[in-house]
Amino acid sequence: MRVRILAGTEVVTTTLGFGCACLFRLPSKADRRAILEAAYELGIRHFDVAPMYGLGRAEAELAPVLKHRREDITITTKIGIDPTAMARGVSRLQGPVRAVARTLPRLGEELRALGQGPSSSWVGRLLYTSAGYSAQAAGLSLARSLRALRTDYIDVFVLHDPVGHLISHAPALVAYLNHEREIGRIRCWGVAGELKDIRPVVQKLQEAVPLLEFRDDIFVRCPDVTRGTAEATITFGMLGRALPVLRKFFLQFPDERHAWNIRTGHDLGDATTLPALLLREALRRNTTGPVLFSSTRLDRVRAAVDNADRANAALAPEESKAMRELALAVSSTYPQLAVPYD
């Protein structure tokens, strides 16, 4: 797969990275391992994980994939949100729970919404905790992640959905992260989360943050909002909101599809077209780091890799303009999509 250098570093990643947050929708450990192995065999070399993913099991499950391949793979892991003792206990039962959730999509969606972190709901507070974002907390988290991943360095180490008031002694935290980078235990550090939430955190750190990881899709009106804030970016969420909303729009207004087929130059009725266009637009918007993709289906992983690795992977200017115009048209129908990042 095509590669790029993470801006401002010597870290080489593939343009497409695999996000492990959704991996545990597969109830079987063997199936999860198979998807990770397939992503590697198809050419993906960047994997994004966190201590909270899989109720604390994701880092350990990624570790075997790294064995004998560590120099060939780059990893992002995170600090700031950890599974509670209850979550680690529940993790032993998540296989059958997730198997039931797969047969009841609405239940699955509700469970995912309830358990997105300690601030998401009372369930989130039972399952996740935060020790804050201090130098000491970062040191303990880094040590745990190194053990779980069975490696001696992390390529990208980011603050996970940080809340400003939980960052204590920001200068000491920044000094610690820079020291770990100097001695090689991390190669780059940054801040990850919803852009509107992490911008105040970046300001509080009072230093140029080397990397930002944030959600970006065609409904975000200002993709260049990070210019001058961080050299490198990792983006995620290109499909999560945009794809179902666009499909809903064309289902609700079927006459619109023909007009937009002509405007975009693509058959938007084809099930594979919209995901491909959204991925290619994400690659156009982010040129300084990997675009994260996640799926539990091998055919979709293969399709994403094929689109990311094509000679003209990023959308052409006229195609990109048409997609932005489509996003504006859809946003006028569903005003709740407006994202005031600019």
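The structure reproduced in this document is the subject of the present report. Note that the structure is a prediction, hence the values are computed from the model and not measured. (Residues numbered from 1 in each chain as written. Predicted model: local features only at pLDDT ≥ 70, side-chain atom pairs only at ≥ 80, totals over all residues. Heavy atoms only, no water.)

**Notes on the side chain of S145**
Step number 1: Looking at where S145 falls in the secondary structure, it is placed in helix α7 (residues 135-149).
Step number 2: Relative accessible area serves as the criterion here: at 1%, S145 is assigned to the buried category.
Step number 3: Non-local contacts of S145, meaning those with residues more than four positions away in its chain, are made with P51, E59, T77 and K78. (Helix = DSSP H or I, 4+ residues; strand = E, 2+ residues; numbered from the N terminus. Buried < 20%, exposed > 50% of the residue type's maximum accessible area, 1.4 Å probe, protein only. Contact = heavy atoms within 4.5 Å.)

**Concerning the packing of aromatic side chains**
Step number 1: If you walk through the whole model with that rule in mind, you get three aromatic pairs.
Step number 2: Note on F18 and F47: the rings are 6.2 Å apart at their centroids and 50° apart in plane angle, and the pair reads as tilted. In this pair, F18 is assigned in strand β3 (residues 16-19) and F47 in strand β4 (residues 46-48), connecting sequence segments 29 residues apart.
Step number 3: Taken together, a centroid distance of 5.4 Å and an interplanar angle of 50° make the contact between F249 and F253 tilted.
Step number 4: Ring pairing ties together the aromatic residues F249, F250 and F253, which thus form one cluster.
Step number 5: Sitting over the ring of Y40, R69 keeps its end group 4.3 Å from the ring centre.
Step number 6: The ring centre of Y153 lies 4.0 Å from the NZ or CZ of R70, which sits over that ring. (Phe/Tyr/Trp six-rings, centres within 6.5 Å; stacked < 30°, edge-to-face > 60°. Lys NZ or Arg CZ within 6 Å of the ring centre and 35° of its normal.)

**Quick word on the pattern of salt bridges**
Step number 1: For the coordinates displayed, the defined rule picks out 19 salt bridges.
Step number 2: The residue D82 makes a salt bridge to R144 at a minimum N-O spacing of 3.5 Å. Linking D82 in strand β6 (residues 82-83) with R144 in helix α7, this pair joins segments that are 62 residues apart in sequence.
Step number 3: The buried category is assigned to D82, whose relative accessible area is 12%.
Step number 4: Among the ionic pairs, R297 bridges to D299, the shortest N-O distance being 2.7 Å.
Step number 5: For R297, a relative accessible area of 38% puts it in the partly exposed group. (Salt bridge = Lys/Arg side-chain N within 4 Å of Asp/Glu carboxyl O.)

**Points about the pairing of strand β9 (residues 189-192)**
Step number 1: Residues of β9 alternate between two faces, with W189 and V191 on one and G190 and A192 on the opposite face, all of them buried.
Step number 2: Where strand β8 (residues 156-160) and β9 come together, four bridges link them in parallel fashion. Opposite F157, over in β9, you have W189 as the bridge partner.
Step number 3: Here β9 pairs with strand β10 (residues 211-215) via three bridges, running parallel. Looking at β10, one finds that A192 is bridged to E213. (Pairing = 2+ DSSP bridges.)

**Quick word on the environment of A313**
Step number 1: Among the structural elements, A313 can be located in the loop between α13 (298-308) and α14 (317-333).
Step number 2: Along the primary structure A313 and A276 are separated by 37 residues, whereas in three dimensions their C-alpha atoms are 9.4 Å apart.
Step number 3: In this structure, A313 is in contact with R280, L283, N307 and A308, ignoring residues within four places of it in sequence.

**Observations regarding the environment of R247**
Step number 1: Looking at the secondary structure, you find R247 in helix α10 (residues 242-252).
Step number 2: The exposure class of R247 is partly exposed, given its relative accessible area of 39%.
Step number 3: Taking the C-alpha atoms as reference points, R247 and L274, separated by 27 residues in sequence, lie 8.5 Å from one another.
Step number 4: With residues near it in sequence (within four places) discarded, R247 still touches A271, L274 and P275.
Step number 5: Separated by 3.0 Å, the side chain of R247 and the backbone oxygen of A271 make a polar contact. (Polar contact = N/O pair within 3.5 Å; in protein donor to acceptor, adjacent residues only side chain to side chain.)

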